[in-house]
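Close look at the chain arrangement
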Amino acid sequence: MELMPSSEELSILLVEPSSTQQKIIQKALEETGVRHLYFADSIKAALYAIKENEPDLIVSSMYLPDGTAETLVTLVKKHPDTEHIHFMLVSSERNRDMLETLRQAGVIAILPKPFDMKDLQRAINATLDLSMEQEIDLELIDPHEMQVLIVDDSRLAQKHITRVLESMGIVNIDVAVNGADAITLMNDENYDLVITDYNMPEMDGIEFTHTVRMTEHLSHIPILMVASNADQPQLANITQEGVDAICDKVFEPETLRVLLHKILD
């Protein structure tokens, strides 16, 4: 069995303009075992640091002197040489729309200030888990033979979910930008699993799930739904619509492994 790398092997770039906050976050990261830690106080400095010494994980404040974390994560994720770098936000920001944009970009975690050490450790473990690329062991199906459909209107979210699946050995992956397009693909291909977003244009996750369950030749296909706030009240009874499992959009690889075992085994 492949051993998970340790926190000591992880290289982290901390982007934080406040020297006081830098010290607080640095101490917390070092308590998780992190030893390779670099610093930047702006987007410009961060991009230079990434070019000089590419990190495994970027931990950033929301507000920087020359922009916001949204600008930084967009610049990192849109470039093919850096899109694989994981991103964590540490912020006291509560604006749902702003946080949603960052979630759509596929951040590993959004930690509040002050953050819980348990949440920080989970985010570190998620980064290590993705770096390990350990193939998932399923009893009933070979991951290399699985056909998976991702239904999400965010290109960045599509790429994030794809990377997580590929780290588990699942490589046969198609994407659709909404439920209507997904139904068209499902009529032409045989999928073993569908991972769908909750909020989408034209046909959202609920409408899509209902359509699949009411279509005889598609109704057996397992559906995993991801949502920005999976614990929100309107999603409490979502399994009644035929969803096999639901998880937060900022999910950890281990969370997905557990859900796939539950759904597919």
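About the thresholds
Residues numbered from 1 in each chain as written. Predicted model: local features only at pLDDT ≥ 70, side-chain atom pairs only at ≥ 80, totals over all residues. Heavy atoms only, no water. Helix = DSSP H or I, 4+ residues; strand = E, 2+ residues; numbered from the N terminus. Buried < 20%, exposed > 50% of the residue type's maximum accessible area, 1.4 Å probe, protein only. Contact = heavy atoms within 4.5 Å. Areas by Shrake-Rupley, 256 points an atom, 1.4 Å probe, with all protein chains shown as cover. UniProt positions renumbered as here; feature names shortened; annotations may be inferred. Polar contact = N/O pair within 3.5 Å; in protein donor to acceptor, adjacent residues only side chain to side chain. Salt bridge = Lys/Arg side-chain N within 4 Å of Asp/Glu carboxyl O. Expected span 1.5 Å × (residues − 1). Arc of directions from axis to C-beta. Axes fitted to C-alpha atoms, helices over the stretch in contact; angles between N-to-C directions. Parallel < 35°, antiparallel > 145°, perpendicular 65-115°, else oblique. Left-handed = near helix turned anticlockwise from the far one by under 90°. Nonpolar A, V, L, I, M, F, W, Y, C, P; charged D, E, K, R; others polar.

Going by what an unreviewed UniProt entry lists, the chain is known as Two-component system chemotaxis response regulator CheY and is assigned to Marinomonas communis.

**Notes on the overall build of the chain**
A tally of helices and strands in the chain yields nine helices and 12 strands. The buried share of the chain, reckoned over its 265 residues, is 51%. A fraction of 69% describes how many contacts in the chain between residues 6 or more apart in sequence connect residues 24 or more apart. For the chain, the accessible surface area stands at approximately 12,600 Å², while carbon and sulfur atoms represent 48% of it.

**Examining the environment of Pro-143**
Note on placement: Pro-143 falls in the loop between helix H5 (117–132) and strand E8 (147–151). In sequence terms Pro-143 and Glu-166 are 23 residues apart; their C-alpha atoms lie 9.5 Å from each other. Every residue in contact with Pro-143, bar those within four places of it in the chain, is listed here: Glu-135, Ile-136, Met-168, Gly-169, Ile-170 and Val-171.

**Here's the deal with the environment of Met-146**
Along the polypeptide, Met-146 turns up in the loop between H5 and E8. Classification of Met-146 as buried rests on a relative accessible area of 0%. For the pair Met-146 and Leu-193, spaced 47 residues apart in the sequence, the C-alpha separation amounts to 7.9 Å. Those residues in contact with Met-146, other than ones at most four positions away along the chain, are Leu-138, Ile-141, Ile-170, Asn-172, Asp-192, Leu-193 and Leu-264.

**Quick look at the UniProt feature "modified residue: 4-aspartylphosphate" (unreviewed entry) in the chain**
The sites that UniProt annotates as "modified residue: 4-aspartylphosphate" (unreviewed entry) are Asp-197. By the secondary structure assignment, Asp-197 is in strand E10 (residues 193–197). By relative accessible area, Asp-197 is classed as buried at 2%.

**Notes on the side chain of Glu-16**
Within the element layout of this structure, Glu-16 appears in the loop between strand E1 (11–15) and helix H1 (19–31). The class of Glu-16 is buried, set by a relative accessible area of 3%. At a separation of 3.0 Å, a polar atom in the side chain of Glu-16 contacts the main-chain amide nitrogen of Ser-18. Beyond its immediate chain neighbours, meaning those up to four positions away, Glu-16 contacts Gln-21, Gln-22, Ile-25, Ala-40, Asp-41, Ser-61 and Lys-113.

**Quick word on the pattern of salt bridges**
Here the structure, examined in full by the defined rule, presents three salt bridges. A salt bridge links Glu-16 to Lys-113, with the shortest nitrogen-to-oxygen separation between them at 3.4 Å. Residue Glu-16 is found in the loop between E1 and H1, and its partner Lys-113 is found in the loop between strand E7 (109–111) and H5; the two are separated by 97 residues along the sequence. The exposure class of Lys-113 is partly exposed, given its relative accessible area of 24%. A salt bridge links Glu-83 to Lys-159, with the shortest nitrogen-to-oxygen separation between them at 2.3 Å. Taken as a pair, Glu-83 in the loop between helix H3 (69–78) and strand E6 (86–90) and Lys-159 in helix H6 (residues 155–166) lie far apart in primary sequence, 76 residues in all. Looking at Lys-159, the relative accessible area reads 24%, which means it is partly exposed.

**Examining H1**
Taking 1.5 Å of rise per residue, 13 residues should cover 18 Å, and H1 covers 18 Å from first to last C-alpha, within 8% of that figure. Residues Gln-22, Ile-25, Ala-28 and Leu-29 constitute the buried set of H1. The buried residues of H1 occupy an angular sector of 135° when the element is viewed end-on, so they sit on one face. Structural note: H1 exposes Thr-20, Lys-23, Lys-27 and Glu-31 on the side pointing more than 90 degrees away from its buried face. Gly-33 lies just past H1 and shows a positive phi near 105°.

**Topic: the packing of helix H2 (residues 43–52) against H3**
Packed helices, taken two at a time, are described by their axes: the angle between them and the distance between them. Interhelical geometry of H2 versus H3 gives an angle of 30° and a closest axis separation of 10 Å. One element, H2, and the other, H3, form an angle in the roughly parallel class. As H2 packs across H3, the resulting crossing turns out to be right-handed. Here Ile-43, Ala-46, Leu-47 and Ile-50 of H2 come into contact with H3, specifically with Thr-71, Leu-72, Leu-75 and Val-76. Split into classes, the residues belonging to the contact of H2 with H3 amount to seven nonpolar, one polar and no charged.

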